[in-house]
Each structure stands twice: as structure tokens, then as C-alpha cells.
Amino acid sequence: MRRLPVYVLLDCSESMIGNGLRGMRTGISSMLKALRQNPHALETAWISFITFDSRAELKSPLQSLDEVQPPRLLVRPGTSLGSAILLLSERILQEVKRSQPGTLTKGDFRPIVILITDGQPTDDWRTALREMNSTVKIANLYAVGCGDDIDFAGLREMTDVVLNLQQTDEQGWAKLFVWISETVSTASRGVADGDERELMLAKLPDSVEKIEDDDIPSYSGEYGRARQLFLTALCGENKQPYLMRYRWEPDYRVYVPAASHIMDAETCDFSTRGGTGLPAVNSQEVDGCPPCAHCGNSSAGSCGNCGTVFCGSSRQKDGSSVCPGCGAILRPGGGGEFKIKASEG
Ligand SMILES: [Zn+2]
Ligand SMILES: [Zn+2]
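First, a word on what this report is: a plain description of the structure on this page.

Calculation notes
Residues numbered from 1 in each chain as written. Chains lettered and ligands numbered in written order. Predicted model: local features only at pLDDT ≥ 70, side-chain atom pairs only at ≥ 80, totals over all residues. Heavy atoms only, no water. Buried < 20%, exposed > 50% of the residue type's maximum accessible area, 1.4 Å probe, protein only. Helix = DSSP H or I, 4+ residues; strand = E, 2+ residues; numbered from the N terminus. Pairing = 2+ DSSP bridges. Core = buried A, V, L, I, M, F, W, Y, C linked by side-chain atoms within 4.5 Å. Domains from an automatic or database assignment. Contact = heavy atoms within 4.5 Å. Donors = N, O, S within 2.8 Å, 3.2 Å for Na, K, Ca; no water. Tetrahedral: all angles 85-135°; square planar, octahedral: opposite > 155°, others 65-115°. Polar contact = N/O pair within 3.5 Å; in protein donor to acceptor, adjacent residues only side chain to side chain. Expected span 1.5 Å × (residues − 1). Axes fitted to C-alpha atoms, helices over the stretch in contact; angles between N-to-C directions. Phe/Tyr/Trp six-rings, centres within 6.5 Å; stacked < 30°, edge-to-face > 60°. Lys, Arg positive; Asp, Glu negative; His and termini not counted. Salt bridge = Lys/Arg side-chain N within 4 Å of Asp/Glu carboxyl O. Left-handed = near helix turned anticlockwise from the far one by under 90°.

Most of strand S4 (residues 112–117) is tucked away, with 6 of its 6 residues classed as buried. Sheet topology note: the strand S1 (residues 4–11)/S4 ladder contains 5 bridges and is parallel. Note that in S4 the partner of valine 8 across the bridge is isoleucine 114. Sheet topology places S4 next to strand S5 (residues 140–146); 6 bridges connect them, and they run parallel. Residue isoleucine 112 lies in a different strand from S5, and its bridge partner there is asparagine 140.

Laid out in C-alpha cells, this is it:
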């Protein structure tokens, strides 16, 4: 039996926390369910999941639909797309059977790769891509950008099928994965040729737009400047962490608060925290803070002793507060300018 290998590359950078993470989780589960009900897919489609954040990780090797399980997705800082591409080519070389010249043994179909990303890569993906293109052959690579920070011209360098998930709520994600399931089903009938691809692209849901060559949205951000900024803070009340999301405001040249998200064992991988060597951002470039994701308190400060950023709910009547990080008692006016450790997601 010729298999149709399907590699799904999932961006699990911090910026995916919230809708992105939820959308991918639900979408993958329904995709696997849908594919298992399709006899062609069940017979031929084999699926592998690779995630990337501060590093690339093989979540599951190429497996049949009977075996494959939805991957456990957790966010971490960073967008190591290059590492993901290198891992992908390694896996393809290892797992995909090639036809043996001079024999009747047919190899697997050329793999389909689905890449879902919401940000700008933080590593050298171009070198990785060149390397991959010189070693392995892929049938189709679908690059799906979701969110406001996509460098579409960059994605276009990877493939001619660049899609934009415009609707990033639950429904938008659901429709995207229905379309991916249909695309895999169609390809699993063994006719993954050019015409078939055009047919599938014609059926794109209204939440997804194909980026045309003469209409690549120009990247409105500044290169070298992260469009989003993420700061970890602790709630002053329950001492639990949350992630503050900021958006760069070019007119004012500051990061303004956009949202805050609860960080827990269900959403984040804490094992690599602190050691990512990402750039520090001066607090002068950060204007205000989003409300605490735990208690809703709308102020935050940082501890002059240990550097922890925390919400204002531990503030006493006399204006002093206790740092949830180190327990120091902080008096008003005691803090100076502080450097915030931030990460690009
Ligand atoms: Zn709080
Ligand atoms: Zn402290």
C-alpha cells in the first residue's frame, strides 16, 4: 500500500496562547475524527505532528490514522521555524519510502506539509529551507498564516500556496481544519496532482484567503522589531502566573496592552522559562498593562528586589505591597526604572 504522508507543523510560540491554541487543539481532534470516517484516508493517510517554539519537537512520528493521537500542545517563547524545517526533512528522509528504481516496488506518495504559524520566525529558516529543498521532495506545502503579525512575503518564499486565516475565532479555526481534512481526503485518493490542488484551493472556506502573488500584503511592522511583546507576571492575590500581551504602536513608538492570558500547566510549558536569552525591553517602551488574567486588577508593578512583575491586588491601604515572587515588602516610590525581560513570540 502506498501511503500518503501528511506532516503537520504547528507554531506553539507564546503568541498562540488563547484562540490559536484552542483552535488548533479542537481543529486537530475534529480533523482526525473526520479523516477516520473516510475510507480512502483511513487506508492511505499517515500523519505526523511537529511543533515549534523555542525549539522544534517531534510530537508524533508518521502514524496511521488508527494510531495517531492529537498532540499535547503547550506554548513556549520563540518561533524556531528553521529548526522545524530541519526536523521535517530529517523525518521525511527517515520515514517516507522512496520508489526503488528498476523494481516494481512503488514508494509512498510525496508528502503533504501543512504549516500553521502566527508570527515571524526567530531563527534562520531560509538556510533550513534551502537544505530541505535540496534533499527531499514534497508534493504540496500549505503555509497558513493566522493573526496580525504574518510576514506573508516570507511564507511566499517557502511555497506558492500561502493562505491567510482571516477569521481567528473558534469558527474560523474549525473551518480551516475542515478544509485541511478535505484536502487530505482528496489527496489520499492517490491523485495529488496539480489539478486536484487547484480544485481544493477553489473550495477554500470564507475564513481563509489565498494570498496571490500580485497581492502579497506588505508587512506593516518594522523588521527587527517584534510586533508583539509578551511579559510574564504573577497575580498579587493568588500568586499564579499570567502572560501580558502587548502590541507595538508605531505612531507612539511604545508597546500598548492588548490582552492577558492565564498561564497554567494546561497551556504553557514552564520547563524552559528564563533560559531563552531573548532581548530585554526597556520599560520606557512599555505603556501600561492589561488587567490581570486572574483577578482583573488593572495595575501592575515590578519588584525592585527580584524583578518579578505582578498585579496590584496585593497592595495594602498604606500603599505598600508584598512581592509574590520573593516576599519582599515594597513601599510606594521605592522602585526605580526596571528592565523587563521579554520574549518575542
Ligand atoms: Zn491578579
Ligand atoms: Zn520580589
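Turning to the pairing of S1, a few remarks are in order. The element S1 is largely enclosed, with a buried count of 8 among its 8 residues. By the alternation rule, side chains of S1 split into Leu4, Val6, Val8 and Leu10 and Pro5, Tyr7, Leu9 and Asp11, which are all buried. Pairing of S1 with strand S2 (residues 45–52), which is carried by 8 bridges, proceeds in the parallel orientation. Among the inter-strand pairings, proline 5 is bridged to a residue of S2, identified as tryptophan 46.

In this section: the nonpolar core. Counting residues in hydrophobic clusters, the biggest one holds 46 residues, and the most contacted among them are Ile47, Phe49, Ile116, Trp173 and Ile180. Secondary structure elements with two or more residues in this core: S1, helix H1 (19–36), S2, S4, S5, strand S6 (161–165), helix H6 (170–187) and helix H7 (194–202). The dominant element in this core, judged by the number of residues it contributes, is H6, at 7 residues. The two domains that each donate at least three residues to this core are domain 1 (4–215) and domain 2 (228–341). Setting aside residues no more than four positions away along its own chain, isoleucine 47 makes contact with Val6, Val8, Met31, Leu32, Leu35, Pro61, Leu62, Gln63, Leu65 and Val68.

The subject of this paragraph is the coordination of the zinc ion (ligand 1). Taken together, the protein donors to the zinc ion (ligand 1) comprise Cys235 (SG), Cys292 (SG), Cys295 (SG) and Cys311 (SG), at separations of 2.3 to 2.4 Å. Around the zinc ion (ligand 1), the 4 donor atoms are arranged such that angles at the metal cover 102 to 113 degrees; this shape is classified as tetrahedral. When the donors of the zinc ion (ligand 1) are listed by position in the chain, the intervening gaps give C-x56-C-x2-C-x15-C. Separated by 57 residues along the polypeptide, cysteine 235 in the loop between strand S8 (228–234) and strand S9 (241–249) and cysteine 292 in the loop between strand S11 (280–282) and strand S12 (300–302) bring together distant segments of the chain. Per residue, the accessibility class of cysteine 235 equals that of cysteine 292, and both read buried.

Turning our attention to the environment of histidine 294. Looking at the secondary structure, you find histidine 294 in the loop between S11 and S12. Sequence separation between histidine 294 and glutamine 240 is 54 residues, and the spatial gap between their C-alpha atoms is 7.7 Å. Leave out the neighbours within four places in its chain, and histidine 294 touches Cys235, Asn238, Gln240, Pro241, Tyr242 and Ile262. Within the local environment of histidine 294, its side chain forms a polar contact with the side chain of asparagine 238, the two groups lying 3.4 Å apart. Of the polar contacts made by the side chain of histidine 294, one reaches the backbone oxygen of proline 241; its length is 2.8 Å.

Take H6 next. Taking 1.5 Å of rise per residue, the 18 residues of H6 would be expected to cover 26 Å, and the 26 Å separating its terminal C-alpha atoms lies within 8% of that figure. If you check which residues of H6 are buried, you get Gly172, Trp173, Leu176, Phe177, Trp179, Ile180, Ser181, Thr183, Val184, Ser185, Thr186 and Ala187.

All right, on to the sheet that holds strand S3 (residues 56–64) then. Pairing is mixed in the open sheet, where 7 strands are placed in the order S3-S2-S1-S4-S5-S6-S7. With one partner strand each, in any of the chains shown, S3 and strand S7 (208–210) form the two edges of the open sheet. Neighbour to neighbour, the strand axes of the sheet diverge by 20 degrees on average, direction disregarded. Strand direction decides the pairing type here: S5 and S6, joined by 5 bridges, are parallel. Looking across to S6, one finds that alanine 143 is bridged to valine 162. Relative to the sheet, H1 contacts S1, S2 and S4, its axis offset from that of S2 by approximately 170 degrees.

Take the packing of aromatic side chains next. Scanning all chains against the criterion turns up 3 aromatic pairs. Judged by centre distance (5.5 Å) and plane angle (90 degrees), the ring pair of tyrosine 142 and tryptophan 179 falls under edge-to-face. On the criterion of sequence distance, the pair formed by tyrosine 142 in strand S5 and tryptophan 179 in helix H6 is long-range, its members being 37 residues apart. A ring pair is formed by tryptophan 173 and phenylalanine 177, whose centres lie 6.4 Å apart and whose planes are at 25 degrees; its orientation type is stacked.

The next subject is the side chain of aspartate 11. By the element assignment, aspartate 11 lies in strand S1. Put simply, aspartate 11 is tucked away with no salt bridge, and the nearest opposite charge, on arginine 76, sits 10 Å away. Among the polar contacts listed, one links the side chain of aspartate 11 to the side chain of serine 13, at a separation of 2.8 Å. With sequence-adjacent residues up to four places away left out, aspartate 11 is seen in contact with Met16, Met24, Phe52, Thr79, Ile116, Thr117, Asp118 and Gly119.

Turning our eyes to something else, we now look at the packing of H1 against H6. Each packed pair of helices is defined by two parameters, the angle between the axes and the distance between the axes. One way to put it is that H1 packs onto H6 with a least axis distance of 8 Å and a crossing angle of 35 degrees. When the axes of H1 and H6 are compared, the crossing they make is right-handed. Note on element contacts: H6 touches H1 through Trp173, Phe177, Ile180, Ser181, Val184 and Ser185, opposite Asn19, Gly20, Gly23, Met24, Gly27, Ile28, Met31, Ala34 and Leu35.

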